[in-house]
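# Structural overview for review
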Amino acid sequence: GEGDLASSENDQYRPRIHLFKARLLLQHRNMKACKKELKNFTSASGTTPCAQFLKANVEYLRQNYRKALKVLGSTPKSPIVTDAGECLSAFYFNNIGCVHFQLGKYSLAAHYFRKATEENDAALNGFPPLDRATPLSGRPLSVLGMNCRHILLYNLGLQQLYAGQPLAAFDSLMEVVQVYHANPRLWLRLAEACIASHIKMQEEQLRLWNNKSETVQMVFGAGLHRKLVLNPVQWEQWVKGGQYVAA
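Residues numbered from 1 in each chain as written. Predicted model: local features only at pLDDT ≥ 70, side-chain atom pairs only at ≥ 80, totals over all residues. Heavy atoms only, no water.

### Here we look at the packing of aromatic side chains
Here the structure, examined in full by the defined rule, presents 6 aromatic pairs. Plain terms: the ring middles of Phe101 and Tyr162 are 5.4 Å apart, the flat faces sit at 85° to each other, and that makes the pair edge-to-face. Highlighted residues: Phe101 in helix H5 (residues 88–102) and Tyr162 in helix H7 (residues 149–162), separated in sequence by 61 residues. Judged by its relative accessible area of 41%, Tyr162 is partly exposed. For the pair Tyr106 and Tyr162, a centre-to-centre distance of 5.0 Å together with 40° between the ring planes defines the contact as tilted. Placement of Tyr106 in helix H6 (residues 106–125) and of Tyr162 in helix H7 is noted, with a sequence separation of 56 residues between them. Under the relative-accessibility criterion, Tyr106 is labelled partly exposed at 26%. A connected cluster of aromatic rings, assembled from ring pairs, spans Tyr92, Phe93 and Tyr112. (Phe/Tyr/Trp six-rings, centres within 6.5 Å; stacked < 30°, edge-to-face > 60°. Helix = DSSP H or I, 4+ residues; strand = E, 2+ residues; numbered from the N terminus. Buried < 20%, exposed > 50% of the residue type's maximum accessible area, 1.4 Å probe, protein only.)

In C-alpha cells, the structure reads:
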C-alpha cells in the first residue's frame, strides 16, 4: 500500500540523511555525534569516498594528522566525476595536501595540490568543449559547480610561499585573482609573495657583493683603462700522491 511505499522511500533516503547530519555536526564541531552518524551511514551504505573524507576531516580537526592520512589512504577508488558533479580524485589529493601542510611538509603539500589541479583539469577535459555560440554544449548542469581549479591554485600558492618559492607563489595566486579578486586575504598573500621575492633578490645581490669584495681590493681608472687590485691569497701547498695541491 501507500504506507509500504513511503517506508521504502524513507529507507532509500535514510543513508543520505545520515550523511547530511554528519556534515552538519562536523560544522558545529560535535565530533562524537558526527562519528555516530557516520557509523550509521556506513552500516547502511558501506564505505564510500564521502564517508572516508568526513572521517579524515574529524581526525584532522582533532589534530590527529597521521590518522587522517591513514583514513584517506583507505578511501575506495571511485569514478573521476560523480553524478553530482564532484571530482573525488581532486578532493582526495587536496585533502592529502592539507594534512601535509599541517605537518609542515610544504613542498610535499604543494606536490599534492598540483596533482589535485591536474585531476580537476582532466575531469573538465572529459566533457565537450564550451561553445559560446550555442547555449547547450552537451555539458550537464552539475558541471557548472565542479571546477575547483582556483581554490586548488590558492592552496598551491600558499604552499609555495611557505616553501620559500615566492615567484612561483605569485604566479599561482595571480591566476586566482581572475575569480576571487574581491578577497582581501588573497591580495595580502600576493603582497607577501612580492616582499619575499624582493628580500630573496636582495640577499642574492648581497651574497654576490660579499664574494666580489673578498676578491677585489681596489679599482683604478675607468673604461678601457680600468684596473683591478686583487686581495692577496694565502696559498698552502702540500704533497699528496706525489702531486702538489693548492688550497
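Having seen the structure, we can now continue with the description.
### Remarks on unusual backbone geometry
Its identity is not glycine, yet Arg29 carries a phi of approximately 60°, on the positive side. In this fold, Arg29 is placed in the loop between helix H1 (2–27) and helix H2 (31–45). For Gln63, which is not a glycine, the phi torsion comes out positive at approximately 65°. By secondary structure assignment, the location of Gln63 is in the loop between helix H3 (49–61) and helix H4 (65–73).

### A word on the pattern of salt bridges
Tallied over the entire structure, the rule returns 6 salt bridges. The residue Lys21 makes a salt bridge to Glu37 at a minimum N-O spacing of 3.3 Å. With Lys21 in helix H1 and Glu37 in helix H2, the pair connects residues that are 16 residues apart, well separated along the chain. On the basis of relative accessibility, which here comes to 39%, the residue Lys21 falls in the partly exposed class. Between Lys67 and Glu59 there is a salt bridge, and its shortest N-O distance comes to 3.9 Å. Look at Glu59 and you get buried, because its relative accessible area is 5%. (Salt bridge = Lys/Arg side-chain N within 4 Å of Asp/Glu carboxyl O.)

### Some remarks on the pairing of strand S2 (residues 227–230)
A regular strand carries its side chains on alternate faces of the sheet. Pairing of strand S1 (residues 216–220) with S2, which is carried by 4 bridges, proceeds in the antiparallel orientation. What sits directly across from Val219, in S2, is Leu228. (Pairing = 2+ DSSP bridges.)

### Notes on a nonpolar patch on the surface
Together, Ile151, Val179 and Tyr180 make up a nonpolar patch on the protein surface, roughly 250 Å² of accessible area in all. Topologically, Tyr180 is positioned in the loop between helix H8 (166–176) and helix H9 (184–215). (Patch = residues over 30% accessible without salt bridge, like charges linked within 9 Å, V, L, I, M, F, W, Y side chains within 5 Å. Areas by Shrake-Rupley, 256 points an atom, 1.4 Å probe, with all protein chains shown as cover.)

### Quick notes on the confidence of the model for the chain
Parts of the model with low pLDDT should not have their predicted coordinates read in detail. Per-residue pLDDT for the chain averages 82, and the proportion of residues at 70 or more is 81%. Confidence drops under pLDDT 50 across residues 234–242; counting only partners more than four residues distant or on other chains, this segment forms 14 contacts. (pLDDT = per-residue confidence, 0-100. Contact = heavy atoms within 4.5 Å.)

### With respect to the packing of H7 against H8
Contact geometry for H7 and H8: axes closest at 8 Å, N-to-C directions at 160°. It follows from the interaxial angle that H7 and H8 lie roughly antiparallel. Relative to H8, the crossing made by H7 is left-handed. Between H7, through Arg149, His150, Leu153, Tyr154, Leu156, Gly157, Gln160 and Leu161, and H8, the contact on the second element is made entirely by Pro166, Ala168, Ala169, Ser172, Leu173, Glu175 and Val176. (Axes fitted to C-alpha atoms, helices over the stretch in contact; angles between N-to-C directions. Parallel < 35°, antiparallel > 145°, perpendicular 65-115°, else oblique. Left-handed = near helix turned anticlockwise from the far one by under 90°.)

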